[in-house]
Amino acid sequence: MEFSELKKTVRERVEIQETEFIKENEDALNIGFMEMNPTQRLIFSISTFKGKKYFSVRTWFQAESGEWAPTKKGINLSFDKFAEFQKMVQIFAQAIQLDQ
């Protein structure tokens, strides 16, 4: 599926958490965020680069001007790595459950 079609389909079928504080571009779709503190957020997005699709989790910060900008902290993996990533997240979940 072409990325533009994927973006349209995701917007229609998935309940995404809009990130109005970040300008959108044609090569990415922000699907949600987590507030780390008042000036830092984790942004979850999908994107495309040179025809390949990626998912990413990146730390963004709010500058003194009020604008939000990405940091170098984060991950960016191709869609074909998602199953492996998901497996690792499930292991995290199991480990965290043991602590409760």
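Up top you'll find the structure we're talking about.
Quick caveat: nothing in here was measured; it's all calculated off a predicted structure.

Colleague: Help me out: how do you make sense of the sheet that holds strand E2 (residues 40–49) in this one?
Modeller: The pairing of strands in a sheet comes from backbone hydrogen bonds and takes either a parallel or an antiparallel form. As summarised here, the arrangement of the 4 strands in space is E1-E2-E3-E4, forming an open sheet in which the pairing is antiparallel. The open sheet has two free edges, formed respectively by strand E1 (28–37) and strand E4 (68–78), since each of these has just one partner strand. When the angles between neighbouring strand axes are averaged without regard to direction, this sheet yields 25°. Pairing between E1 and E2: 8 bridges, direction antiparallel. Bridging across to E2, Met34 finds its partner in Leu42. The strands touched by helix H1 (residues 3–13) within the sheet are E1, E2 and strand E3 (52–62), with E1 carrying the most contacts at an inclination of about 55°.

Colleague: For this particular structure, what's the right way to read the nonpolar core?
Modeller: Nonpolar side chains in soluble globular proteins tend to be buried together. By size, the foremost hydrophobic cluster in this structure holds 7 residues: Phe3, Leu6, Val10, Ile16, Leu29, Ile46 and Phe55. For this core, the element with the most residues is H1, which contributes 3 residues.

Colleague: Explanation requested: the pairing of E4 in the structure shown.
Modeller: The side chains of a regular strand alternate between both faces of the sheet. Bridging between E3 and E4 involves 8 bridges; their strand directions are antiparallel. Bridge pairing in E4 places Trp60 opposite Pro70. Where E3 hands over to E4, the hairpin turn is made up of 5 residues, of which Gly66 adopts a positive phi near 100°.

Colleague: Even after reading the chapter, I still don't get the packing of aromatic side chains, so can you show me in this structure?
Modeller: The way to describe two aromatic rings as a pair is by their centre distance and the angle between their planes. Considering all chains together, one arrives at 5 aromatic pairs under this definition. Chaining the aromatic ring pairs together yields one cluster made of Phe21, Phe33 and Trp68. Taking the ring centre of Phe21 as reference, the NZ or CZ of Arg41 above it sits at 4.3 Å.

Colleague: Could you clarify how one ought to interpret the side chain of Ser45 in this entry?
Modeller: By the secondary structure assignment, Ser45 is in strand E2. Judged by relative accessible area, which is 11%, Ser45 ranks as buried. Apart from residues no more than four positions distant in its own chain, Ser45 is found in contact with Leu29, Asn30, Ile31, Tyr54, Phe55 and Ser56.

Colleague: Which parts of the structure should I look at to understand the side chain of Thr59?
Modeller: Examined against the element boundaries, Thr59 turns out to sit in strand E3. When sequence neighbours within four positions are dropped, the list of residues in contact with Thr59 reads Gln40, Arg41, Leu42, Ala69, Pro70, Thr71 and Lys73.

About the cut-offs
- Residues numbered from 1 in each chain as written.
- Predicted model: local features only at pLDDT ≥ 70, side-chain atom pairs only at ≥ 80, totals over all residues.
- Heavy atoms only, no water.
- Pairing = 2+ DSSP bridges.
- Helix = DSSP H or I, 4+ residues; strand = E, 2+ residues; numbered from the N terminus.
- Axes fitted to C-alpha atoms, helices over the stretch in contact; angles between N-to-C directions.
- Contact = heavy atoms within 4.5 Å.
- Core = buried A, V, L, I, M, F, W, Y, C linked by side-chain atoms within 4.5 Å.
- Buried < 20%, exposed > 50% of the residue type's maximum accessible area, 1.4 Å probe, protein only.
- Phe/Tyr/Trp six-rings, centres within 6.5 Å; stacked < 30°, edge-to-face > 60°.
- Lys NZ or Arg CZ within 6 Å of the ring centre and 35° of its normal.

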